[in-house]
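An overview of the molecular structure
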Amino acid sequence: MAHKDPAQFVSYRKSSEPTPPNLSGNMSDKNGHAVPGSSWKNNYVPAYANGDKLGKRSLEPVEVAPEIEPEEHDRGQWGSKWEFVFSCVGLSVGIGNVWRFPYLAYENGGGAFLIPYIIILVLVGKPMYLMETAIGQYSQLGPMSMWSMAPIMKGVGAAMVVVSLIVAIYYNVIMAYTLFFTFASFQGGSAPWSDCHESFADDNCFVRNVTFPACKFLESRNITNFTEGVDCHNKTELAAEQYFKHFVLRLGDGLDTPGDIGGMNWQLTLCLLLSWIIVFFCLMKGVKSSGKVVYVTATAPYVFLIAILAYGCTLPGAIDGIKFFFIPEWEKLKDITVWQKAAEQMFFSLSVSWGGLIMFGSYNKFNNKVHIDSMVISSLDFVTSIIASVAIFSIMGSMAQSAGVKVDEVVKSGQGLAFIAFPEAIGGVPGWQLWSILFFVMLYTLGLDSEFALLETVTTAIYDSFPSTRNWKALVTLVASSSCFLLGLPCVSQSGPYVLHLMDTFGGLCVMLIAVFELIGIMWIYGVKRFSDNIQFMINYRPSMYFLVCWVLVAPLMLAAIFAYAMYEYEAPKYGDYVYPEWAVGVGWALAGVSIVQIPVWGVGALLYHTCKGEPGQAFRPLPSWGPGDKEARRRLLAVQQQLLRRDQLHGRDNPALEMERV
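Described in the following lines is the structure provided in the data block. On a predicted model such as this, the values are computed, not experimentally measured, just so you know.

Re the overall build of the protein
A count of helical and extended segments in the protein gives 21 helices and six strands. The buried share among the 663 residues of the protein stands at 59%. Counting only contacts in the protein whose residues sit at least 6 apart along the sequence, the fraction spanning at least 24 positions is 83%.

So, a nonpolar patch on the surface
On the surface, a cluster of nonpolar side chains totalling about 600 Å² of accessible area is made up of Ile520, Trp524, Met545, Val549, Leu553 and Leu557. When residues of the nonpolar patch are traced back to their parent elements, those giving at least two are helix 17 (496-539) and helix 18 (545-568). Of the residues forming the nonpolar patch, the biggest block, four residues, is contributed by helix 18. Here Val549 shows up in helix 18.

A short note on the environment of Trp435
For Trp435, the position within the fold is in helix 15 (residues 432-465). With a relative accessible area of 35%, Trp435 lands in the partly exposed category. As a C-alpha pair, Trp435 and Ser185 span 250 residues in sequence and 9.1 Å in three-dimensional space. Ignoring sequence-local partners within four residues, the contact set of Trp435 consists of Ala307, Ile426, Val429 and Pro430.

Notes on the pattern of salt bridges
Evaluated as defined, the whole model comprises five salt bridges. Residues Lys334 and Glu331 are paired through a salt bridge, measuring 3.6 Å at the closest nitrogen-oxygen approach. Exposure remark for Lys334: the relative accessible area of 66% places this residue in the exposed category. As a salt-bridge pair, Lys529 and Asp533 come within 3.1 Å of each other at their nearest N and O atoms. Pair noted here: Lys529 and Asp533 are both in helix 17, with a separation of four residues, about one helical turn. Its relative accessible area of 0% is what places Asp533 among the buried residues.

As for the side chain of Thr182
Within the element layout of this structure, Thr182 appears in helix 4 (residues 154-184). Not counting the four nearest positions on each side in its chain, Thr182 is found in contact with Ile437, Phe440 and Val441.

Observations concerning unusual backbone geometry
Here Gln140, not a glycine, exhibits a phi torsion of approximately 55°, which is positive. Take Gln140: it is sitting in the loop between helix 3 (111-139) and helix 4. By relative accessible area, which is 14% here, Gln140 ends up buried. For Arg250, which is not a glycine, the phi torsion comes out positive at approximately 50°. By the element assignment, Arg250 lies in the loop between helix 6 (239-248) and helix 7 (266-283). By relative accessible area, Arg250 is classed as partly exposed at 31%.

Criteria and thresholds
Residues numbered from 1 in each chain as written. Predicted model: local features only at pLDDT ≥ 70, side-chain atom pairs only at ≥ 80, totals over all residues. Heavy atoms only, no water. Helix = DSSP H or I, 4+ residues; strand = E, 2+ residues; numbered from the N terminus. Buried < 20%, exposed > 50% of the residue type's maximum accessible area, 1.4 Å probe, protein only. Contact = heavy atoms within 4.5 Å. Patch = residues over 30% accessible without salt bridge, like charges linked within 9 Å, V, L, I, M, F, W, Y side chains within 5 Å. Areas by Shrake-Rupley, 256 points an atom, 1.4 Å probe, with all protein chains shown as cover. Salt bridge = Lys/Arg side-chain N within 4 Å of Asp/Glu carboxyl O.

Function cannot be read off these values alone, since they describe shape.
Listed below in structure tokens is the structure:
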């Protein structure tokens, strides 16, 4: 609910209190003389706006001398509000909704996974989504530079950049899978994954056939008068599953020998190279180019996804899969792993605490109604996950009926669940080539938006730290894309899926801890009241009690409790039935440590820096440079502060500062 008088929610100074600093970082006493240092309260940038009232007088802008500003480089901005909305939709509604959400639901009890996911989405996801987009829009800075609001927490921004880089590396590998299937669809005859071809199939491969079903299927129908091998078979892996494992991935035996990742899968390597080339050309001009691309990439996928959903629901046995997804096994809710995975998926799906939302918000117009956008987009993300999951589980139900097994036994789980279920469904459709091409192009465009945000989070941190590099955006993007391609090569080796799963597991684990420190930094060190005032000054909207309670207490405590208990109940990760060796788990922890260690390192560095300057408290206070990123908003705020300075010089009954302060 918007309030017409933002001044009612700002703490006003009494005449005896120090005056707030202006935005250039200079402070004055009552006589206009500069004074050194600042207190916590002095560095507070209040949410004064035109028309606010102090006592009986309104705070009108006054003429102020223009500040001498350093030369600024064009940071770039969205061409329109819709570019921001579609970019956020593309970031939050990505390939993770079709790829990661269903396989985590499959691994963690279907409906039992859905319940904690909804709870965490409401109490953590939605409030943090608004927090990140709003802080980016207010400061117009990336995830690292924005921490001038609380210098000791700058390591949180650095951790976001590192984890975004890690995810960008393996995320594009998933996109390379979609390109592989797209190219495989350009062939005549039946789909290559619809038959057990000698090039990839073994003796355990079978094709769904009503005239020669699985023996378990007959047993599930209480049919016992059959002859094994004549009336039925005991094979357990569908052709689509073996095609993905043996032909697409060329999956090796594991990571048992340190440093041995097997041979390179050159077909996937070329697909990965093509994907990085596409990303580079879309991002070479920053948001000015990516903002145009998302008009198509964020909207077209819904048409194909709904079409697949409609087809999947018509398959025999589809209802069994849908029931598995929606009806929970209540005992599973006692398993902390289910809650941990639900929290990780919330971060992965909404892209909270990755830095991408802050970065996207920073390219917004200052007065954009970001609170409305954040609620709509976060809700759309959840709806998309449900649509994709129902589509997949309807197909899984049909596959389970054909194999005569339970839904949770139909395939060995893993990141490839979507690359087994969807091809299996599409392969039997007349004109499968067209449907397959459209579907996998859709899947690629879903991932493309998220990849944009992940890589732009890294490059934006570079641009904000070194503004002169904005003149060389194409070169910076080329170096970043090339580096990520080279670092992603182990993921397209024969052991690549094991490497990818390891990166995904520990990447999701550390982002939960990053979120806790992010909430502490913004809501406890900077202050929830300051933050709320900033939002109100920006868009004339005061966050409700729901947001305040979630930001300050519920979200950080819930995430900290889930993380702590998950560590207490920790078990080594698995890929299907494969258990990772100790050295591989150690590499995973080291990967997570590279991100997490940024928080204490930068924090100690900031504390030492300000201690050496004789101002250790400044590490916990906003720097003088902190404030609205928009020039006009800074001018308005500076004008209000100058008005307050003049009123401090009034005397007697005409001095409104002598009146009772309103809070």
